[in-house]
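Given next are the chains, with one letter for each unit.
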Amino acid sequence: MSKPVLITADSTADLSAELIERYHIHVIPLTITLGDDVFLDGQGFTPLDMYERYRKDGTLPKTSAPGVQEFVNFFTPFVEAGYEVVHLDISAELSNSFNAARLASQELEGVYPVDTRMLSTGMALERGMSAEEIARHLSELRDKVSTSFVLDTLEFMRKGGRCSGVAAIAANLLQLKPGLEMKDGKLGVYKKYRGSIEHVYKQYITERLNNKRVRPGHVFITESGEIDPKVIEELTQLIYTLSGCKEVHHTLAGCTVSTHCGPKTMGVLFIEE
């Protein structure tokens, strides 16, 4: 008889508390270091706190993935309780988290890490499947997951060394809003939008969803904070209209993602048929 299956993820999955509770997902946080202060991603330090600190003294935090022993300690209680574990990780191209989880799984029986090749991703849970079957299914599904974001500013990318100061200044002067998407496990610019960010949000969502066969269960709208709730509500209704999905989940990105993308970043994530 197959063992019961438990789903775990690292904190870059940016799942809401409601989804974590609904699907009984256990999350291992990345570490946020800001000067002498150390926080766990998603616990006691928010992107809004981070932006306030940055505007005060120009300091951005550094992020780090859990180590191998941290993963062993995280997985062990579940294995000892009789579970098999499917663990979802941020793309191995962007973080050492998956490799650490993979090495930890070699010390434990019944732990199956999955490199999602994404920053954030929808999760498919199949009843009656073993952990190994679920892990294989998710690995096959990841090429159908559409993960993209549009940024209001390149300031945080520049500060983190992910784009030049010249590019950031030019984007600001020309009111360019870069659209980023995950492809082959890497994050890259696919388009540069122009205009106010509120206008760009609608253009971006329309382009991403038009003529797409979206799996109807769930679509995610993920933001990094400081977007007017009324704007989020308008965008949510737009997603319902364009996608025909059953649920739109609004989630807030954690500090690990927000450190690099900055405030008012917004993404729409879904699975294509």
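Just above sits the structure.
Rules of the game
Residues numbered from 1 in each chain as written. Predicted model: local features only at pLDDT ≥ 70, side-chain atom pairs only at ≥ 80, totals over all residues. Heavy atoms only, no water. Axes fitted to C-alpha atoms, helices over the stretch in contact; angles between N-to-C directions. Helix = DSSP H or I, 4+ residues; strand = E, 2+ residues; numbered from the N terminus. Parallel < 35°, antiparallel > 145°, perpendicular 65-115°, else oblique. Left-handed = near helix turned anticlockwise from the far one by under 90°. Contact = heavy atoms within 4.5 Å. Nonpolar A, V, L, I, M, F, W, Y, C, P; charged D, E, K, R; others polar. Buried < 20%, exposed > 50% of the residue type's maximum accessible area, 1.4 Å probe, protein only. Salt bridge = Lys/Arg side-chain N within 4 Å of Asp/Glu carboxyl O. Core = buried A, V, L, I, M, F, W, Y, C linked by side-chain atoms within 4.5 Å.

A few words on the packing of helix H8 (residues 197-209) against helix H9 (residues 229-243). Their axes nearest at 10 Å, the elements H8 and H9 cross at an angle of 20 degrees. Regarding the angle of H8 to H9, the classification is roughly parallel. Considering only the axes of H8 and H9, their crossing is right-handed. Mapping the contact onto sequence places Glu198, Tyr201, Lys202, Ile205, Thr206 and Leu209 in H8 and Val231, Glu234, Leu235, Leu238, Ile239, Leu242 and Ser243 in H9. Class assignment for the residues of the contact of H8 with H9 results in eight nonpolar, two polar and three charged.

Now for the packing of helix H3 (residues 68-80) against helix H4 (residues 97-105). As a packed pair, H3 and H4 sit with axes 8 Å apart at the nearest point and diverge in direction by 60 degrees. With respect to each other, H3 and H4 are oriented oblique. Where H3 crosses over H4, the two elements pack in a sense that is right-handed. Residue-level contacts link Val68, Phe71, Val72 and Phe75 of H3 to Ser97, Ala100, Ala101, Leu103 and Ala104 of H4.

Our next topic: unusual backbone geometry. One non-glycine residue, Asn211, lies in positive phi territory at about 60 degrees. As for its position among the elements, Asn211 is in the loop between H8 and strand E12 (218-223). Unlike most non-glycine residues, Lys264 shows phi in positive territory, near 65 degrees. By secondary structure assignment, the location of Lys264 is in the loop between helix H10 (255-261) and strand E14 (266-271). Judged by relative accessible area, which is 28%, Lys264 ranks as partly exposed.

In this section: the pattern of salt bridges. Within the structure shown, the criterion is met by twelve salt bridges. Lys191 is paired through a salt bridge with Glu207; the nearest N and O atoms lie 2.8 Å apart. Separated by 16 residues along the polypeptide, Lys191 in strand E11 (residues 186-194) and Glu207 in helix H8 bring together distant segments of the chain. Since its relative accessible area comes to 28%, Lys191 is described here as partly exposed. Between Lys202 and Glu234 there is a salt bridge; the shortest N-O distance is 3.6 Å. On the criterion of sequence distance, the pair formed by Lys202 in helix H8 and Glu234 in helix H9 is long-range, its members being 32 residues apart. Judged by relative accessible area, Lys202 falls into the partly exposed class, the value being 41%. By relative accessible area, Glu234 is classed as partly exposed at 46%. Each of Glu18, Arg22 and Glu247 takes part in one network of salt bridges that share partners.

With that out of the way, let us pick up the nonpolar core. By size, the foremost hydrophobic cluster in this structure holds 21 residues, and its most contacted members are Tyr201, Ile205, Ile239 and Met266. Of all the elements in the fold, those that place two or more residues in this core are H8, E12, H9 and E14. With six residues, H8 is the single largest residue contributor to this core. Discounting residues that sit within four places of it in the chain, Ile205 has contacts with Leu235, Leu238, Ile239, Leu242, Met266 and Val268.

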